[in-house]
Amino acid sequence: MSRLSELIRELCPDGVEYKKLGEVATVYRGGNFQKKDFVEQGVPCIHYGQIYTRYNLFTDKTLTFISKEKAEKQKIAVKNDIIMAVTSENIEDVCKCVAWLGDENVAVSGHSAIIHHSLDAKYLTYFFHSKQFFSQKRKLAHGTKVIEVTPDSLNSVILPVPPLEVQREIVRVLDKFTFYTAELTAELTARKKQYECYRDKLLNFEEWGGTSDVVWRTLGDVCSVVAGGTPSKKNDSYWVGGNIKWLGSTVCKNQKTVDEVTGYITEKGFAESSAKIMKAGTTLIALVGATIGKVAFLPFEASINQNIAGIYPKDTNTLNPSYLYYACTALYPKFLALTHGSKLTMANMEFVRSLKVAVPSIEIQNRIVNVLDRFDALCNDLTSGLPAEIALRQKQYEYYRDKLLDFKRLDA
């Protein structure tokens, strides 16, 4: 960053001019195509919903296309334009954007702003993800269930406009951080695939010849299988000041931990409802909704609601609780088959108790757990594995991004 300091001393020693976005850019709304308009080949297009889930900060290729005829009626972004999604259900996501760096023109859907500007495209994108911009968009945003920042209102956003050489040096520095984070993320993706491959092979006893020591038992035969309940939300005495951990099905994320608590209930709320306390080491399986069939492994005592099945071995001398968790990850397809594409279907206790898992000797179970626990820690541990390293690098990037974009004002 010494090179950046030299450039600032040379090119803007007295400070940097801050301007309104409308002074350095033209902002206009996107078009009106929908996902149903996608075709296999045609004009590159970006749908606003993809910006939230499919794109990073910059891209030179689109994931989708629309027909030439449809594209003729759309708003078009050209190379170096910023494409910003301007509606979302939460303030954190609204105004997420991607810089279009491709040589081809790209059609842009509605609920988007196209920002045609005279700055370095990456510099402007980094600014739009900074705390400096976030504090301004909060004042521009309106709506409750759906939050929007209108493209016209973006013209009033104030941003630092250093000389182009300074912008490019900031981009060079920040690109190093984002590149390293992207490398770690790619490694994590590869490790997760490797982990899933090992897990599936280790649990496929027919494939590795361990069938002579394996019996197949229903969960109901070898485990206690129960669901919980929810105290009435209308009764404050069930919730206010509660100290009993209470979990909903969103904690089931196919990872060997529970990293959040849905809420806390009181002793009275627990006693006067069907909520049940699960001991540490219980496997949790979501019974309904988008998480149906997904699992978690409980590292502490907690109560659960009616949308979770809590499963614990009747005899831990013959069934390792950790092995049971891994065995239950293989049951996911059976839950999906139960739904027939409907998220409203709920698995009942009879269905869960009827599901079969392979039960090898306790020695084999322990060996499988030792292997898979190491993979799981590498892929999912937020304190020591790759996710921890990625989180650290992300914080480092965000710190330097916000620091580098905070200039002394020329008119101060």
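Preceding this paragraph is the structure being described.
The structure presented is a predicted model; accordingly, all values stated were derived computationally and were not measured.

Peer 1: Just checking my understanding: could you explain unusual backbone geometry for this structure?
Peer 2: Glycine aside, the phi torsion of most residues is negative, and most peptide linkages are trans. One non-glycine residue, asparagine 80, adopts positive backbone phi at about 80°. Locating asparagine 80 in the fold gives a position in the loop between strand 7 (75-77) and strand 8 (82-85). Of note in this structure, histidine 111 is not a glycine but carries a positive phi near 60°. Considering the arrangement of structural elements, one finds histidine 111 in the loop between strand 11 (106-108) and strand 12 (112-117).

Peer 1: Looking at this model, I keep getting lost on helix 11 (residues 321-329). Mind explaining?
Peer 2: Turn by turn, an α-helix covers 3.6 residues, leaving residues three or four places apart pointing in a common direction. The element helix 11 is extensively covered by neighbouring structure, given that 9 of its 9 residues are classed as buried. Pro321, Ser322, Tyr323, Leu324, Tyr325, Tyr326, Ala327, Cys328 and Thr329 are the residues of helix 11 that are buried. For helix 11, the capping residue at the N-terminal end is asparagine 320, with a side-chain oxygen 2.8 Å from the backbone nitrogen of serine 322.

Peer 1: What is the right way to read the sheet that holds strand 3 (residues 38-39) from this model?
Peer 2: The strands making up a sheet are joined through hydrogen bonds of the backbone, oriented either antiparallel or parallel. Spatially, 5 strands are ordered 3-6-4-11-7 in an open sheet, and the strand pairing comes out mixed. Both edges of this open sheet fall to strand 3 and strand 7, since each of them pairs with a single strand only. Across 3 bridges, the pairing between strand 7 and strand 11 is antiparallel. Counted as the bridge partner of alanine 77 is valine 106 from strand 11.

Peer 1: Help me understand the sheet that holds strand 18 (residues 263-265) in this model?
Peer 2: The sheet built from 4 strands is open, its strands ordered 18-17-22-19 with mixed pairing. A strand with exactly one partner marks an edge of an open sheet, and here the two such strands are strand 18 and strand 19 (276-278). Ignoring strand direction, the axes of neighbouring strands in this sheet form an average angle of 45°. Bridge count for strand 17 (residues 244-247) against strand 18 is 3 bridges, and the pairing is antiparallel. By the bridge assignment for strand 18, tryptophan 246 is matched with glycine 263.

Peer 1: How should I be thinking about the pattern of salt bridges in this particular structure?
Peer 2: Side chains that differ in charge, positive against negative, can pair when their charged atoms come close. Applying the stated criterion across every chain yields a total of 12 salt bridges. The partner of arginine 29 in a salt bridge is glutamate 148, with the nearest N and O atoms 3.7 Å apart. On the criterion of sequence distance, the pair formed by arginine 29 in strand 2 (residues 25-29) and glutamate 148 in strand 13 (residues 147-148) is long-range, its members being 119 residues apart. What makes arginine 29 partly exposed here is its relative accessible area of 41%. Here lysine 253 makes a salt bridge to glutamate 260, at a shortest N to O gap of 3.0 Å. Among the residues examined, glutamate 260 registers a relative accessible area of 31% and is labelled partly exposed. Here the salt bridges do not stand alone but share partners, grouping Lys253, Asp259 and Glu260 into one network.

Peer 1: Quick question: what am I supposed to make of the environment of asparagine 90 here?
Peer 2: Tracing the backbone shows asparagine 90 in the loop between strand 9 (87-88) and strand 10 (97-100). Look at asparagine 90 and you get partly exposed, because its relative accessible area is 31%. Distance from asparagine 90 to valine 226, taken between C-alpha atoms, is 35 Å for residues 136 residues apart in sequence. A polar atom in the side chain of asparagine 90 sits 2.9 Å from the backbone nitrogen of aspartate 93.

Peer 1: How do you make sense of the nonpolar core when you look at a structure like this?
Peer 2: The nonpolar side chains of a soluble globular protein tend to be buried with one another. Formed by 45 residues in total, the largest nonpolar core has its most connected members in Leu21, Met84, Ile115, Leu124, Phe128, Leu154 and Ile170. Discounting chain neighbours no more than four positions away, the residues touching leucine 154 are Leu21, Val27, Met84, Cys95, Ala113, Phe133 and Val149. Of all hydrophobic cores here, the second largest spans 43 residues; its members include Leu203, Leu331, Val352 and Ile368.

Peer 1: Looking at this structure, I do not really get the pairing of strand 8. What am I missing?
Peer 2: Along any regular strand the residues' side chains alternate between the sheet's two faces. A two-sided burial pattern is seen for strand 8, the buried positions comprising Ile82 and Met84 on one face and Ile83 and Ala85 on the other. Bridge count between strand 8 and strand 10: 3 bridges; the pairing is antiparallel. By the bridge assignment, isoleucine 82 is partnered in strand 10 with alanine 99. Sheet analysis places strand 8 next to strand 12, joined by 4 bridges and oriented antiparallel. Considered in strand 12, the bridge of alanine 85 is made with serine 112.

Here is what the cut-offs are and how they apply
- Residues numbered from 1 in each chain as written.
- Predicted model: local features only at pLDDT ≥ 70, side-chain atom pairs only at ≥ 80, totals over all residues.
- Heavy atoms only, no water.
- Helix = DSSP H or I, 4+ residues; strand = E, 2+ residues; numbered from the N terminus.
- Buried < 20%, exposed > 50% of the residue type's maximum accessible area, 1.4 Å probe, protein only.
- Polar contact = N/O pair within 3.5 Å; in protein donor to acceptor, adjacent residues only side chain to side chain.
- Pairing = 2+ DSSP bridges.
- Axes fitted to C-alpha atoms, helices over the stretch in contact; angles between N-to-C directions.
- Salt bridge = Lys/Arg side-chain N within 4 Å of Asp/Glu carboxyl O.
- Core = buried A, V, L, I, M, F, W, Y, C linked by side-chain atoms within 4.5 Å.
- Contact = heavy atoms within 4.5 Å.

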